[in-house]
Amino acid sequence: MNRRWNLNQYATYILLTLVFLSSWTDINGIYAELPQIILTQPESWKLGANLALTTNLGNIAPFILVLVKLFYRKRTLNPVPINYVVIVIGMLSCFLLIFFWSYTTIIANVSRSTALLTLAFSLSLLDCTSSISFSDYIQRFRKEFTNTLFLGESLTSILPSLLAIAQGNGRIQCIQTINGTTTTEAIYESARFSVSIYFLCLFILLTISFISFVLLQWTSVARNAHQIVPESSLETIDRQEKTLSTSSYLLLSLGCMYTSSVLFGFILAISTYVLMPYGHEIFYLATIISPWMLVLVWILGMIKPVLRQRYVYILITLGSITFAFSMYVALKSPCPPWVDTTKGSVLILFVWFITYILLGYPRLVIANYVRTYSSNGMFWFGVHVQSGALVGSIISYLLVETFALFRERMACEKITC
């Protein structure tokens, strides 16, 4: 950071981070709470696949936003009213989840979690849109504030996971039962507070985010943090300062889509098959710590916001190698290499965490590159992030659900490999 920053600029940095916290906190919060939700809902663990499909349908909203941008090229798309809609409706949806998350209805003689899935779809429409509108919004601020987008993004996973830990979510005991044969059964321990209280906490987080956005828009706190030049002259400045050729921009955009497809598509889908074979404790530990790797990415971005392009591609290549190893482990589940051994557990945790860093850091660097490419650089960065996440989610859904290439090892399950 610039040493000459004043109190208002530090406050702006914090407020921007809190605004971007509202991006995916609600959806990530639902996923973090699944171990508690499935105990009472009729779909059980299949609810996760239903949620994945429902949230992917939310990409309809950013697709419409892109069409509007293409049809009205001469007009600047104002992200401020879009952000108001995203945050406010997100707050309302979380508020409704407090009371209606467990409501079910009978559809085709089958009980369904219609309230939860409907509200999750509403949240996904908003969150998918926020990936673009928030990226576009940060373009209004000086480049040293770009990293707030990634810090807020990391907190959207960290804070729900911390809430889940405080709740006691996911704690199990392996109990031996004797029904003719001796088997081991996983029993979930009672939570410290209810699912409704958990959603109330998420609602409070989104309310803080809304207040932060209001302060940024209606007070003078961010006055010195905005772009020095007016919006009308940004295109001229871009043409003068453009540091990327068209081919370089396209390559970096593809890199952004690819890294996003892995981080927000594939990894989430295969996590159970990669980690559970090494034990529930490893799965729990990796799930809790992995969001902190995105904080480490933010720290790296503060230290070194820009790298030479060849180093960006080298990091993506290394991240692809570690991701390929994770895919290999998932395909070998429930009997991957060195299963039920300490070295296997340590290795898979290292590979899992380093993948986040090797792919997350280049994505941050790409954002710093593309924002100088044009005045719409961050808008299209958000589009590429969401497009990559969608492609990764669809492919991984097909691999997991349609082709059934992976086999899960259940908690406390004894397997002879």
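Residues numbered from 1 in each chain as written. Predicted model: local features only at pLDDT ≥ 70, side-chain atom pairs only at ≥ 80, totals over all residues. Heavy atoms only, no water.

**Quick look at the overall build of the protein**
As a reminder, the rule being used: In this text, helices come from DSSP runs of H or I with a minimum length of four residues, and strands from runs of E with a minimum of two, each type numbered from the N-terminal end. Taken over C-alpha atoms, the radius of gyration is set against a globule rule of 2.2 Å times the number of residues to the power 0.38. For each residue, the accessible area found with a 1.4 Å probe, counting protein chains only, is set against the maximum for its type, and the residue is called buried under 20%, exposed over 50%, and partly exposed in between.
Counting its secondary structure elements, the protein contains 15 helices and four strands. Whereas a compact globule of 417 residues would reach a radius of gyration of roughly 22 Å, the protein reaches 22 Å, a difference of no more than 12%. For the C-alpha atoms alone, the extent of the protein along its principal axes is close to 80 × 45 × 40 Å. Burial analysis of the protein (417 residues in total) assigns 52% to the buried set.

**Some remarks on empty space enclosed by the protein**
Stated precisely, the cut-off is as follows: Method remark: on a 1 Å grid restricted to protein atoms, a set of points is classed as a cavity if a 1.4 Å probe fits but cannot get out and as a pocket if it is open with protein on both sides within 12 Å along at least five of seven lines; lining residues have an atom within 4 Å of a point. Grid points are joined across faces, edges and corners, and a volume is the space filled by probe spheres set on the points. Three residue categories are used. Nonpolar comprises Ala, Val, Leu, Ile, Met, Phe, Trp, Tyr, Cys and Pro, charged comprises Asp, Glu, Lys and Arg, and polar comprises the others, including Gly.
This model, assessed by the stated rule, comprises two cavities of 30 Å³ or more. Considered as a void within the structure, the largest cavity measures approximately 40 Å³ in volume. Lining the largest cavity are Ser 22, Asp 26, Val 86, Ile 87, Gly 90, Leu 126, Asp 127 and Leu 206. Of all elements in the fold, only helix 6 (79-100) and helix 7 (114-138) reach the threshold of two or more residues within the lining of the largest cavity. Looking at the lining of the largest cavity, the element that brings in the most residues is helix 6, giving three residues. When grouped by side-chain class, the residues that make up the lining of the largest cavity number four nonpolar, two polar and two charged. Contributing elements (two or more residues each) for the lining of the second largest cavity: helix 8 (147-167), helix 12 (280-303) and helix 14 (342-370). Its residues assigned to classes, the lining of the second largest cavity comprises three nonpolar, one polar and two charged.

**Details of the confidence of the model for the protein**
To keep it simple, the criterion reads: pLDDT is a per-residue confidence score from the predictor, ranging from 0 to 100. The contact criterion used is simple: two residues touch if any of their non-hydrogen atoms lie within 4.5 Å.
Per-residue confidence for the protein averages 87 on the pLDDT scale, and 93% of its residues sit at or above 70. Within the protein, helix 13 (residues 309-332) carries the highest mean pLDDT (96), whereas helix 10 (residues 234-241) carries the lowest (42). Per-residue pLDDT stays below 50 along residues 230-241; that stretch engages in 10 contacts with residues further than four places along the chain or on separate chains.

**Quick notes on the packing of helix 1 (residues 7-20) against helix 9 (residues 195-218)**
Heads up, the condition is: Orientation is described by lines fitted to C-alpha atoms, with helices fitted over the stretch in contact, and by angles between N-to-C directions that extend from 0 to 180 degrees. Our angle categories are set so that under 35 degrees counts as roughly parallel, over 145 as roughly antiparallel, 65 to 115 as roughly perpendicular, and the remainder as oblique. For any helix crossing, the convention is left-handed if the near helix is rotated counterclockwise from the far helix by under a right angle, and right-handed if that rotation is clockwise.
It is at 8 Å that the axes of helix 1 and helix 9 come closest, and there the two elements cross at 135 degrees. One element, helix 1, and the other, helix 9, form an angle in the oblique class. When the axes of helix 1 and helix 9 are compared, the crossing they make is left-handed. Two secondary-structure elements touch here, helix 1 through Thr 12, Leu 15, Leu 16, Leu 18 and Val 19 and helix 9 through Ile 208, Ser 209, Ser 212, Phe 213, Leu 215 and Leu 216. Each residue belonging to the contact of helix 1 with helix 9 can be placed in one class, and the counts come to eight nonpolar, three polar and no charged.

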